[in-house]
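Here are the chains, one letter per residue:
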Amino acid sequence: MKEETIVKCTDCASRDLLHDNKRGEIVCNDCGLVLEENIIDQGAEWSVFAPEDENRARAGAPVNLMLHDKGLSTDIDWQNRDFSGKAISPSTRSQLHRMRKWQARARSSNSRERNLQNAMQEMNTMGGRLELPRSIQSEAALIYRRALEANIIRGRSIPGVAAACLYIACELAGVPRPIADVSHKLRMGKKELGRTIRQVKLKLRIRTAPKEASQFIGQFCSKLDLKPEIENAAKEMFAKIKELELDSGRGPTGLAAALIYIAALKGGQRRTQRDIADISGVTEVTIRNRYKELANALEINMEELM
DNA sequence: AAGACGAAAGTGGTTGA
DNA sequence: TCAACAACTTTCGTCTT
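Residues numbered from 1 in each chain as written. Chains lettered and ligands numbered in written order. Predicted model: local features only at pLDDT ≥ 70, side-chain atom pairs only at ≥ 80, totals over all residues. Heavy atoms only, no water.

Asker: Looking at this structure, I do not really get the domain arrangement of chain A. What am I missing?
Answerer: Often the size quoted for an interface is simply the accessible area lost on bringing the parts together. Domain assignment breaks chain A into domain 1 (3-36), domain 2 (62-75 + 87-209) and domain 3 (214-305). Between domain 2 and domain 3, the residue contacts involve 8 residues of the former and 8 residues of the latter. Taking both partners together, domain 2 and domain 3 bury about 510 Å²; carbon and sulfur atoms supply 56% of that area. Taken together, domain 2 and domain 3 are joined by 1 salt bridge. The salt bridge involving lysine 223 is made with aspartate 181; its shortest N-O contact spans 3.5 Å. Sort the elements by how many residues they give to the side of domain 2 that touches domain 3 and helix α5 (residues 179-185) lands first, with 3 residues. Taken together, the residues of the side of domain 2 that touches domain 3 break down into 3 nonpolar, 1 polar and 4 charged. (Domains from an automatic or database assignment. Contact = heavy atoms within 4.5 Å. Buried area = accessible area lost by both parts, 1.4 Å probe. Salt bridge = Lys/Arg side-chain N within 4 Å of Asp/Glu carboxyl O. Helix = DSSP H or I, 4+ residues; strand = E, 2+ residues; numbered from the N terminus. Nonpolar A, V, L, I, M, F, W, Y, C, P; charged D, E, K, R; others polar.)

Have a look at this one:
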């Protein structure tokens, strides 16, 4: 096997890659795609001088947050055999039976545990649909645990809250997704999802930095199959807009969509407003309104581009 | 016929009294 | 708690390519 260093995202071709050695992953900073998993951690070995949890990363299997009990439990085998495979006497047998029963109860007796089991599984498949890296899924799992403990699941559906947690985890990781995109891929209402996201953030006091159009330009361009030059042009234009403070109060996805519309026209790779609207989660009307404003501010003559 | 245009009315969230 | 407000959507008839 030859050593190969990854320099570019296979999805959006971005070179902005994040090497997360603790988690053993290489993640694209633009689109959040996991390019490499299970890389061997080159960090320090177990040290008795620093016994904190974070530094225990290489002692034993990693604690997996996606399992409802963090993967720490021991199963009692169903077979009535001892370790050497011999049959066990009837007296210890009934004792084992009681132990199994007890364990089953302890693990998922209360509704909270069952809820967690359910949710973790749900988030796993959802994370797959959204192609999220494990690091983000783990973060989302953590948020869900907190949400459960804070009693905000009551009156809401498990998939609803799970989706909200995944969305928030993306935000926290600096690779936000448009709500429209998430709601579409997970087949749930945009309104409801948005509401749940807001409430979870409010109750758990999670604050996220305001999103910027630049965070969406990479994602959108790759979905539209646009040349890297166009992506760069759009990002440059955004920098100017930001300087002029014309980005305030505007939705970042709409802004990104409009910038890409202009950049694509200028770069000779025209895309219809409809196409851009579909992937960005804003309407054609918003793209129109925005790009008229922007062309005006940047003194771009759109007529001669048509 | 497809794409772009823009007016008008409606929606849901934020803000400030 | 309520009303005003800005951003965005929906809808739809019209113009342009």
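Now, onward.
Asker: What is the right way to look at the protein's contact with DNA strand B in this model?
Answerer: Close to DNA strand B lie Lys191, Arg195, Arg198, Tyr261, Arg270, Thr272, Gln273, Arg288, Tyr291, Lys292 and Met306, which account for all nearby residues. Taking the atoms of DNA strand B that fall within 4 Å of the protein, sugar and phosphate contribute 71% of them. In this structure, a phosphate oxygen belonging to DNA strand B sits 2.5 Å away from a side-chain N or O atom of glutamine 273. Secondary structure elements with two or more residues in the surface near DNA strand B: α6 (190-203) and α11 (284-297). Here the residues of the surface near DNA strand B are counted per class, giving 3 nonpolar, 2 polar and 6 charged. (Near = heavy atom within 4 Å. Polar contact = N/O pair within 3.5 Å; in protein donor to acceptor, adjacent residues only side chain to side chain.)

Asker: Explanation requested: the environment of glutamine 117 in the structure shown.
Answerer: Here glutamine 117 is to be found in helix α2 (residues 111-129). Once the C-alpha coordinates of glutamine 117 and leucine 130 are considered, the two residues, 13 residues apart in sequence, prove to be 20 Å apart.

Asker: Hey, could you run me through the packing of helix α9 (residues 252-266) against α11 in this one?
Answerer: Each pair of packed helices can be summarised by the angle the axes make with each other and by the distance between the axes. It is the contact of α9 with α11, at a shortest axis distance of 8 Å, that shows an interaxial angle of 65°. One element, α9, and the other, α11, form an angle in the roughly perpendicular class. For the pair α9 and α11, the crossing hand works out as right-handed. From α9, Gly254, Leu255, Ala257, Ala258, Leu259, Tyr261 and Ile262 reach across to α11, where they touch Thr286, Ile287, Arg290, Tyr291, Leu294 and Ala295. Partitioned by chemical class, the residues of the contact of α9 with α11 number 10 nonpolar, 2 polar and 1 charged. (Axes fitted to C-alpha atoms, helices over the stretch in contact; angles between N-to-C directions. Parallel < 35°, antiparallel > 145°, perpendicular 65-115°, else oblique. Left-handed = near helix turned anticlockwise from the far one by under 90°.)

Asker: What's the story with the protein's contact with DNA strand C in this structure? I'm lost.
Answerer: Residues in contact with DNA strand C, as listed here, are Gly249, Arg250, Gly251, Gly281, Val282, Thr283, Val285, Thr286 and Arg290. Among all atoms of DNA strand C positioned within 4 Å of the protein, those belonging to sugar or phosphate total 83%. Arginine 290 is positioned such that a nitrogen or oxygen atom in its side chain is 2.4 Å from a phosphate oxygen of DNA strand C.

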